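# Fold and geometry: a report
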Amino acid sequence: MYRWIIIVFVGLVAAWTYLADKDRFPQDGEPGPFPSDWFMLQRTWPETHLNADRVRQGAEHAARMRRSTLDEDPFWVQRGPTNIGGRVTDIAGHPTNDSIYYVASASGGVFKTVDGGRNYTAITDDLPTQSIGALAINPTTPEIVYCGTGEANSAGFSYFGFGVYKSVNGGQTWQPKGLEESRYISRIAIHPQNPEQIWVAAMGELFAPGGQRGIFYSENGGDTWQQKLFVNDSAGASDVVLHPTNPDIVYAAMWQRVRTPEVRRVGGRWSGIYKTIDRGENWTRLSSGLPPIGENVGRIGLAISHSNPDVLYACYADDPGYFLGVFRSSDAGESWTRTNDSGLDNMYSNFGWYFGNIRVRPDNEDMVFVLGVTLHRSENGGASWNEIGEDVHVDHHALWFDPQQSFRFLLGNDGGFYRTLNNGNSFQDLNNFPAVQYYAGTYDASQPHRLYGGTQDNGTLRSMTGAIDEYERIYGGDGFYTLVDPNNNNYVYAEYQYGGLGRSTDGGEDFSWALNGIDDSERRNWSTPVVFDPANSNTLYYGAQRLYKSTNRAQSWMAISPDLTSGPGQGNLVFGTITTIGISPANSNVIYVGTDDANVWVTTDGGENWTLRNTGLPRRWITRVTPHPTDANEALVTISGYRNNEQQAHLYRTTNQGETWVEAGASLPDVPLNDVLYDPQAINVLYAASDFGIFWSQNYGDSWAALGRGLPPVPTLDMILDNSNRKLIAATYGRSFVTLPLDSLGINRRPIITSRVPEGDPVVVTQHVPVTFRIAAEDPDGDSLRYMWRYHGEILSILDSCILAFGTLGPDCVSVDVSDGFLHTQAHFEIDVVLSSLERSLLPDKISVKAYPNPFNSATRISFILHRTDHVKLDIYTIDGRQAEVLIDGIMQAGEHEISWSPRELSSGIYFARLKSKSSTESTKLHFIK
């Protein structure tokens, strides 16, 4: 049923689909922008690449917040689809149990099945990223599994990874195993004779030189790594294959590619095949019969025959991405011959850098499979090729043979996961896990169980029944915004990339072109915004570089603004576009518009006049403007990109139509925000969707917490609030639709401290004697409690008690913080540190006070002794009883003390120094002579 998609990619399409792909694949031979370009440009502009440390810190902050969710918080509910798959990047199967598979998705993590695909479990939700590039299983101890993070296909909406992770219990738990700077891992290869020997092909940074790139080797199961092959700072390793019986022989494919947010180069002179016969100590570049060294050599995939290791295959793409050939060697790589592959010319379309995988069956050196837009098989070593897999989705990335019966294999592509039991003659769909990548979503207000959404490479999907396994495709291309008229659901609007808007008048069964009046030459975003007027669903707004308005349900459009951007960008990517439109529900004449080049515009008269309102906002891509539900003066803005010196937040709020902006998300993780919503039933409650999960605030953005439980750190690009049913709908990019019942989000209550030991105010303790402090606390909501004892800023304990001895006499303080993960309660123990009874016995029973010299003519020193810490007041009185000066009024420690007194403003005469404590009063006469 996916055959027509193949036609899309090779250029033979119907008229409206052709227009979309004309933008995606320009006809001048240069590849056009793709999802990864749009994704990266959002997060990097105006800089050139992401700072990996900032990404990691943001991911770790988001992870800490997820771990602090409350016990009473509801779980996110999976809403599918599960019958339509998302992009699969790699597959690993159990070597002896054909019911156990591990499936890696591009941005949804790793899924495991133990019953042959009937049920799946997500097993990497606790990792800091859900972007997965490679999987491998220890062949002799299959409970040991390796996961390489960072999808290496250089396209699609995926973050880079944070290295290699290892599980020793079949994916139940994972431990980091290094290569944190590898960014994108394209292959993990384990030697079958010694599974402690592991080879990793790492692509390194995509948008900047440097990093851990090339071939890495571990001989101790990943505990330590050695870099074995590095060619230059812009070339990474796209593949690595091992000789099955000789661990010293390894083949590697290196791929040179350079990307900036506006320019792509996917080939270079350092792209090539390298061989070592001494376990990586020395390498030889193979050349005989292969494409000559040149700037046009692109991505390369490798395969080695296990039945005859002298036979190897290599598939080549060029720069900019066309098919360059499949080559075969029968002498261990010494020489190569191009196979009879003319029938594969269109296999890569013009984006071959997205593929790069070739496989040879382990039991037959002549049975070869090459993966591209389409899937092809040769049964005679490349002498002829046949297309197979016509009953599955296109864009193939993964193939794993069952070692027990190699005619059975697993296949992964942009449409999910499949199995064949007859060497690829037919396939079974094993998609029963949620890995669809949504750009945007909505629901049918008259039938709220019906969900609609635009997806990467799967068009616009909907579920008419609400069942997670009953979704259907209703519109082509890559799907983006979808609108269902809340007053008449016969009217449905759907998009593909660059604003290819369609209009349906029969509930989404058929669509007609809906861009009459919109200038086709205008710049339009990869995800072009289109919205209803909240007061009148006959009226719609569409953002190109100008804002357009339709008052007749998208039958025609008229521009109501000038160009609201700062002009086109540089290079081969579309830039200078409207990215978000916000129509005030309180007043439809108040319209907010955000652009990719940091502009926020406001009109208060329906588009007659526009005012630029970006003063105080960072120079970053505007992802969403959300007007207040009832106040036309207020709105929220979300920002993409990571923080730098000029940017301190990703969320801003205005209460004066953008004249000024204030931060509203300072406590959020430093991760890009993609959407923000007010809760119309509790305006102080806000919801924010980010690249690493969803957060909420109960106090207008002063503090934030992770929202709900069970949602991994998956990018979420769009949220919709079904207020009638009090349900939040999240369109995730990698885990399909999820929803959260908002009525289960009760107002959280603070923990209560019920008892404390020791008692007293202050607590009297003896110097140098350890004291045990303990509290008992309970949470009204039943949440688990966390404790943090502090003394002078240092953390003493995270239990419900601590032990401390005090060295300094006098007043002191110990505090404890009790938290349910969001709200905090504190207790303070005021301390009075005194001498021991023995030390006190050596002091006089009463306080005493003396002065020397006496008489004096300029200053005297008044000394006194205290037998215990006490509140003391030392006053100077005249001979007739009037107070002349206060020298001390406060807590003093036990022991000897001295203070100097200079009566500068007093005349000569007799004075008295009176020392008063809680228990006694003593005086001494002073004779002052000028």
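The paragraphs below set out a description of the structure included in this document.

Now for the overall build of the protein. On a plain count of helices and strands, the protein comes out with five helices and 73 strands. Based on the C-alpha atoms only, the size of the protein along its principal axes is roughly 120 × 70 × 50 Å. Within the span of the protein, comprising 930 residues, buried residues form 62% of the whole. Long-range contacts, defined here as pairs at least 24 residues apart, represent 55% of the contacts in the protein between residues at least 6 apart. Total accessible area computed for the protein in this model is approximately 33900 Å², and 47% of it derives from carbon and sulfur atoms.

Scanning the model with the defined rule gives 36 salt bridges in all. When the shortest N-O distance is used, the salt bridge between R265 and E295 registers 1.9 Å. Of this pair, R265 sits in strand 17 (residues 264-265) while E295 sits in the loop between strand 19 (284-286) and strand 20 (297-304), placing them 30 residues apart in sequence. Taking the relative accessible area as the measure of exposure, R265 reaches 32% and is therefore partly exposed. Taking relative accessible area as the criterion, E295 reaches 39% and is therefore assigned partly exposed. The salt bridge involving D485 is made with R553; its shortest N-O contact spans 3.4 Å. Pair noted here: D485 is in the loop between strand 36 (479-484) and strand 37 (492-496) and R553 is in the loop between strand 42 (547-550) and strand 43 (558-559), with a separation of 68 residues, a long-range link.

A few words on the pairing of strand 21 (residues 312-318). When you tally the buried positions in strand 21, you get seven out of seven residues, the bulk of the element. Residues L312, A314, Y316 and D318 of strand 21 are buried on one face, and the alternating residues Y313, C315 and A317, pointing to the opposite face, are buried as well. Of the pairings in the sheet, the one linking strand 20 to strand 21 comprises six bridges and is antiparallel in character. Paired with I304 across the bridge in strand 21 is L312. Bridge count between strand 21 and strand 22 (residues 323-329): six bridges; the pairing is antiparallel. Across the sheet, residue A314 finds its bridge partner in strand 22, namely F327. Counting the residues between successive antiparallel strands, the hairpin from strand 21 to strand 22 contains four residues, one of them, G321, with a positive phi of roughly 145°.

Taken in spatial order, the four strands of this open sheet run 28-29-30-31, and their pairing is antiparallel. One side of each edge strand has no neighbouring strand; the edge strands of this open sheet are strand 28 (396-401) and strand 31 (428-429). With two bridges joining them, strand 30 (residues 416-420) and strand 31 adopt antiparallel strand pairing. When the bridges of strand 31 are listed, R419 appears paired with Q428.

Note that Y101 resides in strand 3 (residues 101-105). By relative accessible area, which is 4% here, Y101 ends up buried. As a C-alpha pair, Y101 and L410 span 309 residues in sequence and 9.1 Å in three-dimensional space. What Y101 contacts, discounting residues up to four positions off in sequence, is A92, G93, F111, K112, T113, G116, L410, F417, R419 and L430. For Y101, the side chain forms a polar contact with the main-chain oxygen of D98, separated by 2.7 Å. There is a polar contact of 3.2 Å between the side chain of Y101 and the side chain of R419.

Glancing now at the environment of D889. Relative to the assigned elements, D889 resides in strand 70 (residues 883-892). With near-sequence residues (within four places) excluded, D889 lies in contact with H871, V872 and K873. Engagement of the side chain of D889 in a polar contact is seen with the side chain of H871, the distance being 3.2 Å.

On to the side chain of Q256. Counting through the fold element by element, Q256 comes out in strand 15 (residues 250-256). Q256 sits in the buried class, given a relative accessible area of 9%. Setting aside its immediate chain neighbours within four residues, Q256 contacts N232, S234, A235, V266, G267, G268, R269, W270 and S271.

Here four strands make up an open sheet; going across it, the order is 48-49-50-51 and the pairing antiparallel. One side of each edge strand has no neighbouring strand; the edge strands of this open sheet are strand 48 (622-627) and strand 51 (662-663). Sheet topology places strand 50 (residues 651-654) next to strand 51; two bridges connect them, and they run antiparallel. Bridge pairing links R653 to V662 in strand 51.

This part is about the packing of aromatic side chains. Evaluated as defined, the whole model comprises 38 aromatic pairs. Consider the rings of Y791 and F806, whose centres lie 5.6 Å apart with planes at 85°: the pair is edge-to-face. Remark: F806 occurs in the loop between strand 64 (801-804) and strand 65 (810-819) and Y791 occurs in strand 62 (residues 786-791); sequence separation between them is 15 residues. Feature note: the residues W38, Y439, F480, Y498, W526 and Y733 constitute an aromatic cluster, connected by ring pairs.

Calculation notes
- Residues numbered from 1 in each chain as written.
- Predicted model: local features only at pLDDT ≥ 70, side-chain atom pairs only at ≥ 80, totals over all residues.
- Heavy atoms only, no water.
- Helix = DSSP H or I, 4+ residues; strand = E, 2+ residues; numbered from the N terminus.
- Buried < 20%, exposed > 50% of the residue type's maximum accessible area, 1.4 Å probe, protein only.
- Contact = heavy atoms within 4.5 Å.
- Areas by Shrake-Rupley, 256 points an atom, 1.4 Å probe, with all protein chains shown as cover.
- Salt bridge = Lys/Arg side-chain N within 4 Å of Asp/Glu carboxyl O.
- Pairing = 2+ DSSP bridges.
- Polar contact = N/O pair within 3.5 Å; in protein donor to acceptor, adjacent residues only side chain to side chain.
- Phe/Tyr/Trp six-rings, centres within 6.5 Å; stacked < 30°, edge-to-face > 60°.

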